[in-house]
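Residue strings, one per chain:
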Amino acid sequence: MSNLQPIPDQTPRRAFGWRLLGTVLLVASVGLVSCQALFGH
Amino acid sequence: MTIPPEPSRNLRLHDLPPLVRSLIGAARPGASPLAASAHRSIPLPGRLRTLLQPRPGQVPRRKGALLWVLPAPLLLGAVIALGRGHLDSFLADAGGFALFMAAAWLTKRGIRADYAGPQPRFARLARWPLKTLGGVLTAIGAGVTAHFAAGHGPGISLAFAAVSAIGFHLAYGLEPLGRPRSLRSGDEPSRRVAEALAEAEGRLLDLEQTAQSLTNPELKARLTRLGAQGRGILDQIADRPTDLYRARKFLNVYLEGVQQVAAGYASTHRRAESRELEQNFRNVLVTVEEVFEEQRQRLLETDVLDLDIQIEVLKKQLEREGIV
């Protein structure tokens, strides 16, 4: 009976986590460096 | 037909991942069907779903938008530097901004190409790795801006470039270096099969391109379906390369024929609209569809027959050796 139960699927959540981390890193690098360039003037 | 009512509930915490996912970009086209189905199955309130989740096959409009928005301060910085008469700062800001814009444009093109129909499996078509180029330009842009516009040292600038490259890879993905080879093409027969499949796939790609250019929705759907059927047959041949000799007529005669007829119809139809021509083309498509289906069935039946023979031989061998 137990093998009829659906296997929990972690893939979409994990993929979302990686993509979110990528977005945070992009914001932290590209966004930060652009703001630093602006306020450096 | 009744339309099921939309779920009317408030946004909850577990709705957040699909929401943000739609903002960053929907499921990647290369993701497993299981992952894609799981992505679709997460419910969103009706209006939000229509607003945020792209329909299957549709390019998500917001994917890659971040790359256009994040460098915006650089443009402002360049304008301010120009106003103050600082040429160095202006060049640094404008250069960084131009690099980021080029990266965003390449990434957008790369994302579009990812969603543009089925990817070739056998034909190794030369396609620029646009997203990878976008990622490289993003990293260069971050490094250049950090060094020349923000005034960081070389080490920190390299770190900025590395972090942005990793972030780009995680958020948008890079194209794989070199295409995975689906068939071993070491010996002569395998190479022949691989070549035949690549050629046939090239024809199918042409066919699908022609289908996209048709305005008649019915003929477009028929031609698209033919393309899908053809791909199914190629997959069967790839699974069992010996089928190539059985499917030779399909590859050489029908596939080439339908490709030429479809291309001819598309070009003639653009210049002159004719009901008779349309009907003739429809008849040809119906016939070819039947032929494709027959071909698929024949390959499947041969598989079954071959398996029957193998089982029989194995049974005889086991009997002879006194095991059964």
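Small disclaimer: the values here were computed from a predicted structure and weren't measured.

Trainee: When you look at the overall build of chain B in this model, what are you seeing that I'm missing?
Mentor: Within chain B, the secondary structure is distributed over 13 helices and zero strands. In chain B, the order of α-helices and β-strands from amino to carboxyl end is α-α-α-α-α-α-α-α-α-α-α-α-α. In chain B, of all internal contacts separated by at least 6 residues, the share reaching a separation of at least 24 is 72%. When the accessible surface of chain B is totalled, it reaches about 19,000 Å², and 61% of it is carbon and sulfur.

Trainee: Explanation requested: the overall build of chain A in the structure shown.
Mentor: Along its length, chain A carries one helix and zero strands. Residues classed as buried in chain A amount to 32% of the 41 residues present. Carbon and sulfur atoms form 67% of the exposed surface of chain A, whose accessible area is close to 2,800 Å².

Trainee: Can you walk me through the nonpolar core in this structure?
Mentor: Generally speaking, soluble globular proteins have nonpolar side chains that are buried together. All names here are of chain B. With 28 residues, the main nonpolar core has Leu223, Leu226, Ile237, Leu251, Leu255 and Phe281 as its most contacted residues. Among the secondary structure elements, those contributing two or more residues to this core are helix H9 (188–213), helix H10 (217–239), helix H12 (248–271) and helix H13 (275–320). Among all residues touching leucine 223, those that are not within four sequence positions of it are Leu207, Thr210, Ala211, Leu214, Ala262, Phe281 and Leu285.

Trainee: Help me out: how do you make sense of the packing of helix H5 (residues 72–84) of chain B against helix H6 (residues 87–115) of chain B in this one?
Mentor: Each packed pair of helices is defined by two parameters, the angle between the axes and the distance between the axes. Residues and elements named next belong to chain B. Orientation of H5 relative to H6, taken along the N-to-C sense of each, is 155 degrees, at an axis distance of 8 Å. Put simply, H5 runs roughly antiparallel to H6. H6 is crossed by H5, and the crossing has left-handed handedness. The residues of H6 that touch H5, namely those facing Ala72, Leu74, Leu75, Gly77, Ala78, Ala81 and Leu82, are Ser89, Phe90, Asp93, Ala94, Gly96, Phe97 and Phe100. Classifying every residue of the contact of H5 with H6 by side-chain character gives ten nonpolar, three polar and one charged.

Trainee: It is not clear to me how the packing of aromatic side chains should be interpreted in this structure. Could you clarify?
Mentor: In this description, a pair of aromatic rings is defined by centroid distance and the angle of the planes. Residue and element names in this part refer to chain B. All told, the structure shown has two aromatic pairs over all chains when counted by the stated rule. Both rings, one in tyrosine 265 and one in phenylalanine 281, keep their centres 4.1 Å apart while their planes meet at 10 degrees; by these two values the pair is stacked. Of this pair, tyrosine 265 sits in helix H12 while phenylalanine 281 sits in helix H13, and the two are 16 residues apart along the sequence. Each of the two residues, tyrosine 265 as well as phenylalanine 281, counts as buried.

Trainee: Looking at this structure, I do not really get the packing of H10(B) against H12(B). What am I missing?
Mentor: Residues and elements named next belong to chain B. It is the contact of H10 with H12, at a shortest axis distance of 12 Å, that shows an interaxial angle of 160 degrees. As the angle between them shows, H10 and H12 are arranged roughly antiparallel. Seen from above, H10 lies across H12 with left-handed handedness. Residue-level inspection shows Leu219, Leu223, Leu226, Gly230, Ile233, Leu234 and Ile237 of H10 in contact with H12, the latter providing Phe250, Leu251, Val258, Ala262 and Tyr265.

Trainee: Hey, could you run me through the confidence of the model for chain A in this one?
Mentor: Should the pLDDT be low somewhere, the predicted coordinates at that spot are not to be read in detail. Here chain A averages 77 in pLDDT, and 71% of its residues register 70 or above. This stretch, residues 1–10 of chain A, has a pLDDT under 50; its non-local contacts, to residues over four places away or in other chains, come to three contacts.

Trainee: What is the right way to read a nonpolar patch on the surface from this model?
Mentor: Residue and element names in this part refer to chain B. A contiguous nonpolar surface patch, about 320 Å² in accessible area, is contributed by Trp68, Val69 and Trp105. Summarising the element assignment, tryptophan 105 is placed in helix H6. For tryptophan 105, a relative accessible area of 45% puts it in the partly exposed group.

Trainee: Sorry if this is basic, but what is going on with the pattern of salt bridges here?
Mentor: Pairing of side chains with opposite charge becomes possible as their charged atoms draw close. All names here are of chain B. Throughout the structure, instances matching the rule amount to twelve salt bridges over all chains. A salt bridge links arginine 222 to glutamate 289; the shortest N-O distance between them is 3.6 Å. Residue arginine 222 is found in helix H10, and its partner glutamate 289 is found in helix H13; the two are separated by 67 residues along the sequence. Residue classification places glutamate 289 among the buried residues on the basis of a relative accessible area of 14%. Residue glutamate 289 is joined to arginine 225 by a salt bridge in which the shortest nitrogen-to-oxygen separation is 2.8 Å. Separated by 64 residues along the polypeptide, glutamate 289 in helix H13 and arginine 225 in helix H10 bring together distant segments of the chain. Several salt bridges share partner residues, and in doing so they unite Glu218, Arg222, Arg225, Glu278, Arg282 and Glu289 into one network.

Trainee: Mind showing me how you'd approach the side chain of B:Thr138 here?
Mentor: Relative to the helices and strands, B:Thr138 resides in helix H7 (residues 130–149). By relative accessible area, B:Thr138 is classed as buried at 0%.

Trainee: Whenever I open this one, the environment of B:Ala92 confuses me. Can you help?
Mentor: All names here are of chain B. Residue position: alanine 92 is located in helix H6. A relative accessible area of 8% means that alanine 92 is categorised as buried. Distance from alanine 92 to glycine 77, taken between C-alpha atoms, is 9.6 Å for residues 15 residues apart in sequence. In this structure alanine 92 touches Phe148 and Ala149, once residues within four positions along its chain are discounted.

Cut-offs applied
Residues numbered from 1 in each chain as written. Chains lettered and ligands numbered in written order. Predicted model: local features only at pLDDT ≥ 70, side-chain atom pairs only at ≥ 80, totals over all residues. Heavy atoms only, no water. Helix = DSSP H or I, 4+ residues; strand = E, 2+ residues; numbered from the N terminus. Contact = heavy atoms within 4.5 Å. Areas by Shrake-Rupley, 256 points an atom, 1.4 Å probe, with all protein chains shown as cover. Buried < 20%, exposed > 50% of the residue type's maximum accessible area, 1.4 Å probe, protein only. Core = buried A, V, L, I, M, F, W, Y, C linked by side-chain atoms within 4.5 Å. Axes fitted to C-alpha atoms, helices over the stretch in contact; angles between N-to-C directions. Parallel < 35°, antiparallel > 145°, perpendicular 65-115°, else oblique. Left-handed = near helix turned anticlockwise from the far one by under 90°. Nonpolar A, V, L, I, M, F, W, Y, C, P; charged D, E, K, R; others polar. Phe/Tyr/Trp six-rings, centres within 6.5 Å; stacked < 30°, edge-to-face > 60°. pLDDT = per-residue confidence, 0-100. Patch = residues over 30% accessible without salt bridge, like charges linked within 9 Å, V, L, I, M, F, W, Y side chains within 5 Å. Salt bridge = Lys/Arg side-chain N within 4 Å of Asp/Glu carboxyl O.

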